[in-house]
Amino acid sequence: MSKIRMGIVGAGTWGETHAFIYNDHPHAEFAAICDMNAERAKALAAKFNLPDSAVYTDHRDMLRTADIDAVAIVTPDFAHTRVAVDCANAGKHFIVEKPLTTTREEADEIVEAVRRNNVRMMVDLHSRWSPLFAIPRQSIEDGEIGVPHSAYYRLNDIKWVATDMLPWAAKSSILWFLGYHSVDVLRWLFDDEVERVYSVSRSGILKSEGVDTEDLYQTILEFRKGGIATMENGWITPNTNPNVNDMKLNITGTKGMFNIDPTHSQMLERFTETRADRPDLLVKHFIHGKPKGFAYESIRHFVDQLITGEPFLVTMEDAYNTTMVILAIMESARKREPVVVQY
């Protein structure tokens, strides 16, 4: 397989990002687009000079008739499972934006379909490509800070994400949207699985604005080898925050620690007559018309590993176990008591 022909399901902002990356990759090609909104699908196809014959409104039609090798699933959080299972049954490899899915039953269904059809899949947990986490991970592997002992990880979004950016926010949760990244990063840095969680949540601010979802979660994670992490995820950071995200991570080992505080950096600030902000230097940006942020490297990695046959940095088990931790956190917040993670 010298060039991977990619089909994309979901023609929104991130679907367009996938299209840019596949067209930029020397061994990939954006070959088909599917979206329930036909006009949106046609608009994305036209932007990349795809013919009308490469435009679909039903992913099953695309899987059946399009000349594609693999699929990018870029649908809302709650709409991954059917597409993923159908891709596997059609013998197509796929990358799915996080989360894997939002229920245990659906996660089991995807895993079973992937194994039965012998296809390859990866969930796009792109934080593993961030220098902010990859450097500490390597340092931990090299023994520089000893064994991870404790951590604090805050990863929040401004309120605009839930109220304006995501029309489907009420069908999801800050845990699926950002907490999924948080759990994966902590599992990766601790190189361990979460045994037990204790979480509390609060709601009211978003519901008062018509978005029926929790405002925030505060969670304790206990790892099997004894490490402890505190995790904060919220969708109510004020919109005047200079960054969309509000992120801070400390991880302390038996011989040292890392402090990570990128969203409060003043490395680059922009001031105009109408706003003040701190442009993104790390996550997702374009340089000379090409996608260069670390959030794009995971998508490139998917293509690279399909070409070489080498394992993905994010395994199916990583995604499945992260899903189980998030489900346990939600259960704990409902019960207001500790919950053992059921893998």
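Residues numbered from 1 in each chain as written. Predicted model: local features only at pLDDT ≥ 70, side-chain atom pairs only at ≥ 80, totals over all residues. Heavy atoms only, no water.

A. The arrangement of the UniProt feature "domain: Gfo/Idh/MocA-like oxidoreductase N-terminal" (unreviewed entry) in the chain in detail. Mapped onto this numbering, the UniProt entry gives "domain: Gfo/Idh/MocA-like oxidoreductase N-terminal" (unreviewed entry) at residues 4-124. Secondary structure content for residues 4-124 is 43% helix and 23% strand, while the C-alpha to C-alpha distance between its ends is 17 Å. (UniProt positions renumbered as here; feature names shortened; annotations may be inferred. Helix = DSSP H or I, 4+ residues; strand = E, 2+ residues; numbered from the N terminus.)

B. Highlighting the pattern of salt bridges. Taken as a whole and judged by the stated rule, the model has 28 salt bridges. When the shortest N-O distance is used, the salt bridge between E29 and R5 registers 3.2 Å. Taken together, the residues span a long stretch of sequence, with E29 in strand β2 (residues 28-34) and R5 in strand β1 (residues 4-9) at a distance of 24 residues. What makes E29 partly exposed here is its relative accessible area of 30%. Taking the shortest distance from any N to any O, the salt bridge between R116 and E112 comes out at 2.8 Å. You can see R116 and its partner E112 sitting in helix α5 (residues 104-117), 4 residues apart, about one turn around the helix. Judged by relative accessible area, E112 falls into the partly exposed class, the value being 39%. Through salt bridges with shared partners, one network takes in R128, D184, R187, E193 and D318. (Salt bridge = Lys/Arg side-chain N within 4 Å of Asp/Glu carboxyl O. Buried < 20%, exposed > 50% of the residue type's maximum accessible area, 1.4 Å probe, protein only.)

C. Up close: helix α6 (residues 131-141). Looking at α6, one finds that the buried residues are F133, P136, R137, S139 and I140. Each buried residue of α6 sits inside an arc of 165 degrees when the element is viewed along its axis, so together they form one side. Contact partners of the buried residues in α6: β7 (148-157), α8 (174-190), β11 (245-253) and β12 (257-260). Trailing α6 by a residue or two, G143 shows a phi angle of about 80 degrees, which is positive. (Arc of directions from axis to C-beta. Contact = heavy atoms within 4.5 Å.)

D. The nonpolar core, seen in detail. Counting residues in each nonpolar core, the largest one holds 111 residues, and the members touching the most others are Y22, F94, L186, L221 and I329. It is α8 that contributes the most residues to this core, 12 residues altogether. If we ignore the near neighbours within four places in the chain, the residues touching F94 are V71, I73, A84, C87, A88, I110, V114, V119, R120, M121, M122 and F302. (Core = buried A, V, L, I, M, F, W, Y, C linked by side-chain atoms within 4.5 Å.)

E. Region of the structure containing the side chain of N250. When you line up the elements, N250 lands in strand β11. A distance of 3.0 Å separates the side chain of N250 from the side chain of T252, its partner in a polar contact. At a separation of 2.6 Å, a polar atom in the side chain of N250 contacts the side chain of N259. (Polar contact = N/O pair within 3.5 Å; in protein donor to acceptor, adjacent residues only side chain to side chain.)

F. Region of the structure containing the state of the cysteines. The final tally for this structure, using the stated rule, is 0 disulfides. Summary of cysteine pairing: C34 is not part of a disulfide, and the nearest cysteine sulfur, belonging to C87, is at 9.8 Å. When its relative accessible area of 1% is taken as the criterion, C87 is described as buried. (Disulfide = S-S within 2.5 Å.)

G. Up close: the packing of α6 against α8. Look at α6 against α8: their axes get within 9 Å of each other, and the N-to-C directions meet at 25 degrees. Of the possible angle classes, the one that applies to α6 and α8 is roughly parallel. Of the residues in α8, those in contact with F133, A134, P136, R137 and I140 of α6 are V185, W188 and L189. (Axes fitted to C-alpha atoms, helices over the stretch in contact; angles between N-to-C directions. Parallel < 35°, antiparallel > 145°, perpendicular 65-115°, else oblique.)

H. Quick look at the sheet that holds strand β9 (residues 216-223). One open sheet accounts for 7 strands, arranged β12-β11-β7-β10-β9-β8-β17; its pairing is mixed. Both outer strands of the open sheet, β12 and β17 (339-340), are each paired with one neighbouring strand and no more. Sheet topology places β7 next to strand β10 (residues 228-234); 5 bridges connect them, and they run parallel. From the neighbouring strand, A151 faces β10, where its bridge partner is A229. Running over the sheet, α8 touches β7, β8 (194-202), β9, β10 and β11 and is turned about 160 degrees from β7. Running at roughly 50 degrees to β8, helix α11 (residues 316-335) makes contact with β8, β9, β10 and β17 of the sheet. (Pairing = 2+ DSSP bridges.)

I. The sheet that holds β2, seen in detail. With parallel pairing, the 6 strands of this open sheet are ordered in space as β3-β2-β1-β4-β5-β6. Of all strands in the sheet, those bounded by a partner on one side alone are β3 (55-56) and β6 (121-124). Summarising the sheet, β2 and β3 pair through 2 bridges and their orientation is parallel. Residue pairing in the sheet places I33 in a bridge with V55 of β3. Sheet strands in contact with helix α10 (residues 294-308) are β1, β2, β4 (70-73), β5 (93-97) and β6, and its direction is about 165 degrees off that of β5.

J. Fine view of the packing of aromatic side chains. Per the counting criterion, the structure on display carries 12 aromatic pairs. Look at F78 and W168: their rings are 6.4 Å apart centre to centre, the planes differ by 75 degrees, and that puts the pair in the edge-to-face class. In this pair, F78 is assigned in the loop between β4 and α4 (81-89) and W168 in the loop between α7 (159-165) and α8, connecting sequence segments 90 residues apart. You can call W168 buried: its relative accessible area is 17%. For the pair F177 and W235, a centre-to-centre distance of 5.8 Å together with 45 degrees between the ring planes defines the contact as tilted. Of this pair, F177 sits in helix α8 while W235 is found in the loop between β10 and β11, placing the two residues 58 residues apart along the sequence. (Phe/Tyr/Trp six-rings, centres within 6.5 Å; stacked < 30°, edge-to-face > 60°.)

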